[in-house]
Amino acid sequence: MSALLSRTMMALAVCATPLVHAQSCGSGGGATVCLSASGSGSGVQLSWTTSGTVSAVQVYRDTDSDVAGRTRIAQLGGTATGYTDSGAVAGRAYWYWIKFTTGSGSFNSGAARAVRVGVMRNLASTQLAPSMVPGWNLGNSLESIGGTYVWGSTNFNEAAWGNAPASQALFNGVKAAGYKSVRIPVSWKQYADANDNISPQWMTRVTEVVNYAHNAGLVAMINVHWDGGWLQPTYARQQEANARLAKFWTQIANNFRNHDDTLLFAGTNEVMVDGDYNAPTIEYCEVQRGFNQLFVNTVRATGGNNARRHLVVQGFNTNIDHANSCNATPPTDTVASRLMMEVHYYDPYDFTLDANSGSWKWGQAAHPSGWANESYTDAQFQKMKQRFIDKGIPVLLGEYAAMLRTEYDAAGTYRKYWDQYITRSAYTHGLVPMYWDNGSPDNHQSGLFNRATGALLYPDVSNAIVNAAK
């Protein structure tokens with residue numbers, strides 16, 4: 001949905017392909033221990049050399065280079081020279097130390113840093129997509145805009161639209177409710193300098209939220225969301241937009257290049273010419289298709305796991321009909337079967353999103369004169385099945401939701417029915433439904449969870465969604 005709807009360098013540091021680092025040494029009690037670390041798909045491998053007599057060693061790690069707060073992960077004998085940390089989270093930077101004991105006491109090696117490389121399974125996107133059903137959106141959070149960002153600070157606009165900052169408890173709650181994936185909309189321009197360099201602190205925060213999803217066992221997807229309106233699909237704005245989009249995705253992709261295939265990238269969000277809801281012109285389609293191709297090319301060029309990462313491109317303004325007319329031919333790619341298409345669905349608008357509308361019933365039985373009833377929904381999703389899914393390109397229904405209307409429907413009967421039907425129709429036609437949760441449980445909103453605690457506030461609606469996708 002559009003907008004209306006040390007932690008300093010760690011984020012950029014994880015972009016580096018994990019190599020064996022130079023040994024980091026520490027001495028004491030007549031002994032010296034030199035440690036090195038390297039990451040792979042099976043974990044982080046530590047190796048060290050010892051001179052002098054050492055009776056025992058302990059392995060410590062932390063997510064920063066400060067020894068305060070580090071955690072012991074192993075106790076070994078004095079003759080040990082290696083250890084594999086198989087519990088390291090893929091894509092996360094860790095610092096390690098060897099604490100060694102001599103007759104004079106305990107001492108430390110120097111710190112060695114490494115990043116575990118996530119495993120990219122030999123899965124086509126058509127195989128991964130079913131594991132994402134149903135999905136949920138962390139809406140109105142990391143894409144929120146508000147106050148001016150001060151470069152180098154951790155004072156972000158994440159809570160500017162009234163939602164508590166994302167936490168592990170929230171993602172655990174989403175997983176417990178039965179969701180399998182989470183779409184994480186992200187704004188980048190407000191946290192970038194004049195040269196489009198993204199704040200390291202913001203990159204670290206986004207990485208932290210992605211890791212919440214990983215920790216909860218959810219497939220995660222991040223994007224470049226509505227970001228100030230700079231991504232305009234016109235010839236006049238094309239060069240500027242292409243340059244910024246490429247620079248942003250180079251930084252984002254490098255930061256996450258070691259994450260496994262449970263992290264997807266989605267290039268854009270609802271690209272259109274601001275205010276123009278007419279059918280797109282040839283110009284608009286051509287430039288928007290160019291954004292999709294540029295995104296794919298840029299991510300693939302960063303290498304590492306990104307060479308095979310599952311990528312999501314969008315139909316024009318995420319509209320089903322425009323996706324059929326503008327985006328029938330997908331971008332070219334250097335790897336086969338790793339692309340998905342994304343569209344959104346909020347029909348009929350007067351029922352789902354227009355708080356000023358008196359349209360509060362939905363469905364052929366309840367509102368036979370209304371448009372976009374069940375048969376229309378089925379026909380729209382059938383278009384996606386025929387155009388993309390049947391040709392090996394999964395389709396994400398990246399957003400859909402109907403607002404609560406307690407002034408007409410106190411029990412939320414029609415909202416629940418719409419959410420349930422859309423989910424079921426999407427699922428049966430092969431799409432991946434991802435519910436738009438904007439965080440607010442109030443009237444005219446679509447929030448399902450308490451963002452501070454992860455508690456489910458509308459279990460009837462959520463259960464209807466989850467059960468409809470089985």
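Calculation rules
Every residue gets a number counted from 1 within its own chain, in the order that chain's sequence is written. Two thresholds apply to this predicted model, a pLDDT of at least 70 for residue-level local features and 80 or more for giving and counting side-chain atom pairs, whereas whole-chain, interface and lining totals are computed over all residues. Excluding hydrogens and water, the side-chain figures rest on all heavy atoms present in the structure. We define a nonpolar core as any set of buried Ala, Val, Leu, Ile, Met, Phe, Trp, Tyr and Cys residues linked to one another through side-chain atoms lying within 4.5 Å. Only protein chains enter the calculation, and the probe is 1.4 Å; a residue is then buried if its accessible area is under 20% of its type maximum, exposed if over 50%, and partly exposed in between. Two residues qualify as a contact provided that any one of their heavy atoms is within 4.5 Å of a heavy atom in the partner residue. Note on disulfides: each one is a pair of cysteine sulfur atoms within 2.5 Å. The secondary structure listing takes helices from DSSP runs of H or I that are at least 4 residues long and strands from runs of E that are at least 2 residues long, numbered from the N terminus. Under this definition, polar contacts are N or O atom pairs within 3.5 Å; protein pairs additionally need one hydrogen-donor-capable and one acceptor-capable atom, and for neighbouring residues in sequence, both atoms have to be side-chain atoms. At least two bridges found by DSSP between two strands are what make those strands a pair. Lines fitted to the C-alpha atoms define the axes, with helices restricted to the stretch that makes contact. Angles between their N-to-C directions range from 0 to 180 degrees. Throughout the structure description, domain borders are defined by an automatic or database domain assignment. Buried area, as used here, totals the accessible surface that two parts lose on assembly, with accessibility defined by a 1.4 Å probe and the loss added over both. A pair is scored as a salt bridge if a Lys or Arg side-chain nitrogen falls within 4 Å of a carboxyl oxygen belonging to Asp or Glu. Classes in brief: Ala, Val, Leu, Ile, Met, Phe, Trp, Tyr, Cys and Pro nonpolar; Asp, Glu, Lys and Arg charged; the others, Gly included, polar.

Glancing now at the nonpolar core. Ranked by size, the top nonpolar core spans 81 residues in total, and within it L138, F171, I184, W188, I252 and F265 carry the most contacts. Residues in contact with L138, not counting those within four places in the same chain, are E143, A166, L170, F171, V182, R183, I184, P185, V209, D437 and R451. Counting 19 residues, the second-largest nonpolar core is a separate cluster that includes V33, L35, F100 and A112.

This part is about the state of the cysteines. Disulfide: a covalent bond connecting the sulfur atoms of a pair of cysteines. The tally for this structure, following the rule as stated, stands at two disulfides. Here C25 engages in a disulfide with C34; their sulfurs sit 1.9 Å apart. One disulfide, between C25 and C34, carries an S-S torsion of 110° and so falls in the right-handed class. Residue class for C34 comes out buried when judged on its relative accessible area of 10%.

Here S153 lies in the loop between strand 10 (135-137) and helix 3 (168-176). Exposure remark for S153: the relative accessible area of 14% places this residue in the buried category. For S153, the side chain forms a polar contact with the main-chain oxygen of V150, separated by 2.9 Å. Looking at S153, its side chain comes within polar contact range of the main-chain nitrogen of N155, at 3.3 Å.

In this section: the sheet that holds strand 11 (residues 181-184). What the eight strands build is a closed barrel, ordered 10-11-12-13-14-15-16-17; its pairing is parallel. On average, each strand axis in the sheet is inclined to that of its neighbour by 25°, with strand direction left out of account.

Domain annotation for the chain reports domain 1 (24-116) and domain 2 (125-469). Placing a centre on the C-alpha atoms of domain 1 and another on those of domain 2 gives a separation of 41 Å. Across the boundary between the two partners, domain 1 contributes six residues, which contact four residues of domain 2. Between domain 1 and domain 2, roughly 440 Å² of surface is buried when both sides are summed, and carbon and sulfur atoms account for 44% of that area. Linking domain 1 with domain 2 are zero salt bridges, by the criterion used here. Applying the counting rule to domain 1 against domain 2 returns zero residue pairs in polar contact (both at pLDDT 80 or more). Among the residues forming the side of domain 1 that touches domain 2, the class breakdown is three nonpolar, one polar and two charged.

Turning next to the sheet that holds strand 3 (residues 43-51). Taken in spatial order, the four strands line up as 1-2-3-6 in an open sheet, and their pairing is antiparallel. With one partner strand each, in any of the chains shown, strand 1 (24-28) and strand 6 (82-85) form the two edges of the open sheet. Going across the sheet, the axis of each strand differs from the next one's by a mean of 20°, ignoring polarity. With nine bridges joining them, strand 2 (residues 31-40) and strand 3 adopt antiparallel strand pairing. Residue pairing across strands places S40 opposite G43, the latter belonging to strand 3.

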